[in-house]
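Structural overview
So the chains spell out like this:
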Amino acid sequence: MIVSTLGKQEAERKFETLLNHLSHPPSFTTVRVNTHLASVQHVKNMLSDELQKQLNGLSVPILQHPDLQDVLLIPVIGPRKNIKQQQCEAIVGAQCGNAVLRGAHVYVPGIVSASKFMKAGDVVSVYSDITGKCKKGAKEFDGTKVFLGNGLSESSRKEIFSGLSDLKGIGIRMTEPVYLSPSFDNVLPSYLFLQNLPSTVVTHVLDPQPGERILDMCAAPGGKTTHIAALMHDQGEVIALDKISNKVKKIKQNALLLGLNSIRAFCFDGTKALKLDMVKDTEGEPPFLPESFDRILLDAPCSGMGQRPNMACAWTLKEVTSYQPLQRKLFTVAVKLLKPGGVLVYSTCTITLAENEEQVAWALTTFPCLQLQPQEPQIGGEGMMGAGLSFEQLKQLQRFDPSVVPLPDTDFDSLREVKVEDMIWLANKDCIGFFIAKFIKWKSTQETDP
């Protein structure tokens, strides 16, 4: 994947650095303002009041991104080193642990084990079970665990594990997390959408225009779908597909919450979205006629190796390589559904060559009707060598690689001294791993050669 272009030792060193970065959260929390309902300044003011309350009057800056006008950045404070570990312990699952590192409280279903004497109101040290070895309901755990901080227990061990109560709410309210980020649970839900920085870049690169018909092929949970609709001033039609019905429900809920009416979400497999017979009309529902969309976003299913924080490295080579054929299937359908002159944006939240640059090289060879396009805004770095693309082509891609910067240590004192432009620079680099390619379809795929 990476080995072919770097030496073996260099590749191994780079992979180690990357895994280390992936185990830490990005250094900023990124929120997108729903500009359909309010101005960025108005939401920024409301958010500032909310953060003052959450942080007991401590002041953390909220920055508006200079190149992504609808994006606000809040620095994450941490890692904080002087938190005293308690006798009373709770172990949470790796996914729950990742959420805690990004500002969440611990919800009851995430708690795997707790000290036998834990009562409601106790100060508890919370640890992540990164290898998944802890038994549900255990009273102690000596396996590999990572300290996430301290919190106040809202329930006793007995209540959590009795099996009688159907507890779903907060189990431990984090009071001293190792990484201090604001909690966005129910905070200005109609005005804000919690999104990773590169995910907001994708929609700006797609550049949807009012009145267009746009397809988001793998859309759940709807962050990019709702962003597309907001940038179009809710004028036109945004079709969102996902093949899992619960996820489609989530897209519809988000559209409703953000007050967007131009979105139509369907539970449908993107690989089958092209209509093959012209006989029956499906009234704007999938499958769709060839060349019927102005712009298409394919944020493809992928190995997810750019997600952060991720402390449990559980990828097998087999799993990582299994995505390429699916991505190609979806891409082929996207090309056929796109109008001549239309724009196709392909993105992933992974860092492998096979799912990114190799797919671009394959696409340009397979579909002569496609041309690679420069991207605006260009915030990530250029593409990675090794897939046979020219330097010119690599410059037209965006690859976000968090291992290019050293891991920062941020505390309240350092925030007072740092320049805004340095903070923006760091936010652009120290984010999740991600990849974006933009194509234009310069001629029809319908025309048959004589």
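What counts, and at which threshold
- Residues numbered from 1 in each chain as written.
- Predicted model: local features only at pLDDT ≥ 70, side-chain atom pairs only at ≥ 80, totals over all residues.
- Heavy atoms only, no water.
- Helix = DSSP H or I, 4+ residues; strand = E, 2+ residues; numbered from the N terminus.
- Rg over C-alpha atoms; globule rule 2.2 N^0.38 Å.
- Buried < 20%, exposed > 50% of the residue type's maximum accessible area, 1.4 Å probe, protein only.
- Contact = heavy atoms within 4.5 Å.
- Areas by Shrake-Rupley, 256 points an atom, 1.4 Å probe, with all protein chains shown as cover.
- Salt bridge = Lys/Arg side-chain N within 4 Å of Asp/Glu carboxyl O.
- Pairing = 2+ DSSP bridges.
- Expected span 1.5 Å × (residues − 1).
- Axes fitted to C-alpha atoms, helices over the stretch in contact; angles between N-to-C directions.

1. Some remarks on the overall build of the chain
The helix and strand inventory of the chain stands at 13 helices and 18 strands. Against the 2.2 N^0.38 benchmark of 22 Å for 450 residues, the chain shows a C-alpha radius of gyration of 23 Å, consistent with a compact globule. Once the C-alpha set of the chain is aligned to its principal axes, its extents read approximately 80 × 50 × 45 Å. Within the chain, the fraction of its 450 residues that count as buried is 54%. Put simply, 77% of the contacts in the chain that link residues at least 6 apart link residues at least 24 apart. Summed over all atoms, the accessible surface of the chain reaches about 20,700 Å², with 53% contributed by carbon and sulfur.

2. Focus: the pattern of salt bridges
Applying the stated criterion across every chain yields a total of 17 salt bridges. The shortest N-O distance in the salt bridge between K119 and D122 comes to 3.4 Å. Using a relative accessible area of 49% as the deciding quantity, one classes K119 as partly exposed. Taking relative accessible area as the criterion, D122 reaches 16% and is therefore assigned buried. Via salt bridges that share partners, R213, E237 and R264 belong to a single interconnected network.

3. Thoughts on the pairing of strand 8 (residues 146–153)
Two faces, one strand: in a regular strand the side chains alternate between the faces of the sheet. Burial runs high along strand 8: 6 of the 8 residues are buried. Taken together, the 6 bridges between strand 7 (residues 123–129) and strand 8 define a ladder with antiparallel strand orientation. Residue pairing across strands places V123 opposite L152, the latter belonging to strand 8.

4. Structural notes on helix 7 (residues 245–257)
Taking 1.5 Å per residue, 13 residues should reach 18 Å; helix 7 reaches 18 Å between its end C-alpha atoms and fits that length. Elements that come into contact with the buried residues of helix 7 comprise strand 10 (192–194), helix 6 (223–231), strand 12 (237–242) and strand 13 (263–267). One or two steps after helix 7, the chain reaches G259, where phi turns positive at roughly 70°.

5. Description of the sheet that holds strand 4 (residues 89–93)
Pairing is mixed across the open sheet formed by 6 strands, whose spatial order is 5-9-8-7-4-6. What marks the edges here is a single partner per strand, and that holds for strand 5 (106–107) and strand 6 (111–114). Relative to strand 9 (residues 170–177), strand 5 is paired through 2 bridges, and the arrangement is antiparallel. Across the sheet, residue V106 finds its bridge partner in strand 9, namely I172. Here helix 3 (residues 94–101) sits on the sheet in contact with strand 4, strand 5, strand 7, strand 8 and strand 9, set at roughly 105° to strand 4.

6. Points about unusual backbone geometry
The amide bond that connects P286 to the next residue, P287, takes the cis arrangement and shows omega of 0°. Note that P287 resides in the loop between strand 13 and strand 14 (293–299). That bond from E376 to P377 is cis: its omega, 0°, falls within 30 degrees of zero. Within the secondary structure, P377 is located in the loop between strand 16 (370–372) and helix 11 (391–395). With a phi close to 45°, L188 is a non-glycine residue in the positive phi region. Here L188 shows up in the loop between strand 9 and strand 10. Phi at E291 is positive, roughly 50°, even though this residue is not glycine.

7. Topic: the pairing of strand 4
In terms of residue burial, strand 4 counts as a mostly covered element, since 4 of its 5 residues are buried. In this sheet, strand 7 lies alongside strand 4 in parallel orientation, the contact comprising 5 bridges. Paired with G93 across the bridge in strand 7 is D129. Relative to strand 6, strand 4 is paired through 3 bridges, and the arrangement is antiparallel. Each residue of the ladder has a partner; that of I91, found in strand 6, is S113.

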